Amino acid sequence: MKEIAMTVIVNGDKQDLTVPPHETLIECLRDRLGLLGVKKSCDVQVCGTCTVLLDDRPVSACTVLAFEARGRSVRTIEGLARGDDLHPVQAAFVEHGALQCGFCTPGMIMATVALINENPRPTADEVKHYMRGNICRCTGYKRILEAILDASRRMSGASAGNGR
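Residues numbered from 1 in each chain as written. Predicted model: local features only at pLDDT ≥ 70, side-chain atom pairs only at ≥ 80, totals over all residues. Heavy atoms only, no water.

S.K.: Just checking my understanding: could you explain the overall build of the protein for this structure?
M.R.: Of the regular secondary structure elements, the protein holds five helices and five strands. Mapped from its N terminus to its C terminus, the protein presents α and β elements in the order β-β-α-β-β-β-α-α-α-α. Its C-alpha atoms give the protein a radius of gyration of 16 Å, near enough to 15 Å, the size a compact globule of 164 residues would have. Summarising its shape, the C-alpha atoms of the protein cover approximately 50 × 35 × 25 Å along the three principal directions. Long-range pairs, those at least 24 residues apart, make up 58% of the contacts in the protein with a sequence separation of at least 6. (Helix = DSSP H or I, 4+ residues; strand = E, 2+ residues; numbered from the N terminus. Rg over C-alpha atoms; globule rule 2.2 N^0.38 Å. Contact = heavy atoms within 4.5 Å.)

S.K.: Hey, could you run me through a nonpolar patch on the surface in this one?
M.R.: A cluster of nonpolar side chains, namely Leu86, Val94 and Leu99, defines an oily patch on the protein surface of about 240 Å² accessible area. Mapped onto the elements, leucine 99 comes out in the loop between α2 (88-95) and α3 (105-118). You can call leucine 99 partly exposed: its relative accessible area is 34%. (Patch = residues over 30% accessible without salt bridge, like charges linked within 9 Å, V, L, I, M, F, W, Y side chains within 5 Å. Areas by Shrake-Rupley, 256 points an atom, 1.4 Å probe, with all protein chains shown as cover. Salt bridge = Lys/Arg side-chain N within 4 Å of Asp/Glu carboxyl O. Buried < 20%, exposed > 50% of the residue type's maximum accessible area, 1.4 Å probe, protein only.)

S.K.: Got a minute to help me understand unusual backbone geometry in this structure?
M.R.: Leaving glycine aside, a negative phi is the common case for residues, and trans is the common case for peptide bonds. Even without being a glycine, asparagine 11 presents a positive backbone phi close to 55°. Counting through the fold element by element, asparagine 11 comes out in the loop between β1 (4-10) and β2 (13-19). Its identity as a non-glycine residue notwithstanding, aspartate 55 has a phi of 50°, on the positive side. Mapped onto the secondary structure, aspartate 55 falls in the loop between β3 (51-54) and β4 (57-60). The class for aspartate 55 is partly exposed, based on a relative accessible area of 37%.

S.K.: Teacher, can you tell me more about the sheet that holds β1 here?
M.R.: Across a sheet, strands are paired by hydrogen bonds formed along the backbone, either parallel or antiparallel in direction. An order of β2-β1-β5-β3-β4 is seen for the five strands of this open sheet, with the pairing classed as mixed. The sheet is open, and its two edges are formed by β2 and β4, each paired on a single side. The average angle at which neighbouring strand axes cross in this sheet is 40°, direction not considered. Strand direction decides the pairing type here: β3 and β4, joined by four bridges, are antiparallel. (Pairing = 2+ DSSP bridges. Axes fitted to C-alpha atoms, helices over the stretch in contact; angles between N-to-C directions.)

In structure tokens:
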């Protein structure tokens with residue numbers, strides 16, 4: 001099987017990789033690059049646990065082939081914080097207790113970043129609609145919704161698209 005050479009920007013760093021054509025983006029991120037914040041769960045794009053940003057758009061890394069990211073930019077949960085300085089979405093999730101076991105949290109946070117970049121001040125109904133593909137098996141979603149709305153308020157002064 002012929003492997004595919006590719007260059008991809010992951011969390012701001014250029015990566016030159018050679019991947020088999022069947023390798024998924026989540027396998028590449030976790031197994032090749034050691035980015036374990038990207039969680040693997042359903043493998044069929046229904047739970048949102050593996051959500052990453054591909055050119056600032058949310059995708060399910062379990063169903064995107066790694067080579068589809070060539071020449072593009074990928075951002076994972078590891079690419080949000082700056083040292084000990086949490087991204088406003090991460091800070092809001094912590095402060096509102098919007099996580100329990102934490103397994104779905106990276107995907108929820110990445111989807112939230114994409115939502116706020118697209119719609120800086122979403123309503124509660126818009127948040128619910130956007131986040132419908134992200135499943136949490138531990139919470140009742142109330143704290144997640146509160147965290148997302150709070151993060152949007154915190155970030156509303158930031159310029160659109162910069163994620164901060």
